[in-house]
Amino acid sequence: MERDAELVTRCLASDTTAWEELLRAHSRKIYNLCYRFSGQAQDSEDLTQEIFIKIYQTLRSYNPEQGTFQTWLNRVARNHLVDHYRRTRRDRLTSSLDEEGVPLGQEPGLGTSPLKQVESRERKELLQAGLDKLSPDMREAVILRDLQDLDYREIAQVLGVAEGTVKSRINRGRLELARVLKRMEGMKGEGRGT
């Protein structure tokens, strides 16, 4: 946390190596957040770049007294993703998961068998398809808690809602996700039997 504050200070003093360090420290997490929202590897890369451009342009607005850099970064990313979601709503209704995309840092290991690779990819695709079926409010709360590992207070700051609302959205989102995944697994099983 202190390291981020130091890097921000150095960035504001035009230290390009500090900016590169911030990118290295947070790119993977922001990419994964983007991937969970978009479900598309290429879109996630583009969104990650857009978010870091926005971060660079608005870095002076970060106030350490209002929270950690990570929380601020997540808030900026979340707002950008919500704006993107609204702009591309119609496109999403007709698009499907990019079957060729592999999330950053999730490439299969060299020692992993092809069967395990396929099973892993299918689980990720199923999870992403399930997340896509949740309402945006529940989806972002579940992603921030279960996939980005933020605590309730940080999520409340990122989303701009009370902690009780965060807990409620996460609970409802998890229950709905479990129902959706169970239904999808059942449909998948029925498809094999025919």
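Not measured: the values here are computed from a predicted model.

### Some remarks on the overall build of the chain
- Scanning the chain from N- to C-terminus turns up 9 helices and 0 strands.
- Its helices and strands in sequence order give the chain the pattern α-α-α-α-α-α-α-α-α, from N to C terminus.
- With 194 residues in all, the chain has 38% of them scored as buried.
- Long-range contacts, defined here as pairs at least 24 residues apart, represent 62% of the contacts in the chain between residues at least 6 apart.
- For the chain, the computed accessible surface area is about 11600 Å², with 50% contributed by carbon and sulfur atoms.

### Remarks on the packing of helix H7 (residues 136-147) against helix H8 (residues 152-159)
- Taken N-terminus to C-terminus, the directions of H7 and H8 make an angle of 140°; their axes are 10 Å apart at the nearest point. As far as their axial angle goes, H8 and H7 are oblique. Relative to H8, H7 is oriented so that their crossing is right-handed. Across the interface between the two elements, Glu 140, Ala 141, Leu 144 and Arg 145 of H7 pack against Tyr 152, Ile 155, Val 158 and Leu 159 of H8.
- The class makeup of the residues in the contact of H7 with H8 is 6 nonpolar, no polar and 2 charged.

### Re the packing of helix H2 (residues 16-38) against helix H3 (residues 41-58)
- Running from amino to carboxyl end, H2 crosses H3 at an angle of 135°, the nearest separation of the two axes being 8 Å. Comparing their axes, H3 and H2 come out oblique. When the axes of H2 and H3 are compared, the crossing they make is right-handed. Between H2, through Trp 19, Leu 23, His 26, Ser 27, Ile 30, Tyr 31, Cys 34, Tyr 35 and Ser 38, and H3, the contact on the second element is made entirely by Ala 41, Asp 43, Ser 44, Glu 45, Leu 47, Thr 48, Ile 51, Phe 52, Ile 55 and Tyr 56.

### A short note on H3
- With 18 residues, H3 should reach 26 Å at 1.5 Å per residue; the first-to-last C-alpha distance of 26 Å fits that figure.
- Ala 41, Ser 44, Leu 47, Thr 48, Ile 51, Phe 52 and Ile 55 are the residues of H3 that are buried. Buried residues along H3 cover an arc of 135° about the axis, so they all sit on one side. Opposite the buried face of H3, by more than 90 degrees, sit the exposed residues Gln 49, Tyr 56 and Gln 57.

### Description of the packing of aromatic side chains
- Counted by the stated rule, this structure contains 6 aromatic pairs.
- Ring plane angle 75° and centroid distance 6.3 Å describe the contact between Trp 19 and Phe 52, whose orientation is recorded as edge-to-face. Of this pair, Trp 19 sits in helix H2 while Phe 52 sits in helix H3, placing them 33 residues apart in sequence.
- Residue class for Phe 52 comes out buried when judged on its relative accessible area of 8%.
- Seen from their ring centres, Tyr 62 and Trp 72 are 5.6 Å apart, and the 55° between their planes marks the pair as tilted. Placement of the pair is Tyr 62 in the loop between H3 and helix H4 (69-87) and Trp 72 in helix H4, with a sequence separation of 10 residues. In terms of burial, Tyr 62 and Trp 72 fall into one category: buried.
- Following the ring pairs from residue to residue traces out a cluster consisting of Trp 19, Phe 52 and Tyr 56.

### Let's talk about the pattern of salt bridges
- One pass over the structure, following the stated rule, counts 9 salt bridges.
- Bridged by salt links that share partners, the residues Arg 3, Glu 6, Arg 10, Asp 15 and Glu 21 form one connected network.

The rules we used
- Residues numbered from 1 in each chain as written.
- Predicted model: local features only at pLDDT ≥ 70, side-chain atom pairs only at ≥ 80, totals over all residues.
- Heavy atoms only, no water.
- Helix = DSSP H or I, 4+ residues; strand = E, 2+ residues; numbered from the N terminus.
- Buried < 20%, exposed > 50% of the residue type's maximum accessible area, 1.4 Å probe, protein only.
- Contact = heavy atoms within 4.5 Å.
- Areas by Shrake-Rupley, 256 points an atom, 1.4 Å probe, with all protein chains shown as cover.
- Axes fitted to C-alpha atoms, helices over the stretch in contact; angles between N-to-C directions.
- Parallel < 35°, antiparallel > 145°, perpendicular 65-115°, else oblique.
- Left-handed = near helix turned anticlockwise from the far one by under 90°.
- Nonpolar A, V, L, I, M, F, W, Y, C, P; charged D, E, K, R; others polar.
- Expected span 1.5 Å × (residues − 1).
- Arc of directions from axis to C-beta.
- Phe/Tyr/Trp six-rings, centres within 6.5 Å; stacked < 30°, edge-to-face > 60°.
- Salt bridge = Lys/Arg side-chain N within 4 Å of Asp/Glu carboxyl O.

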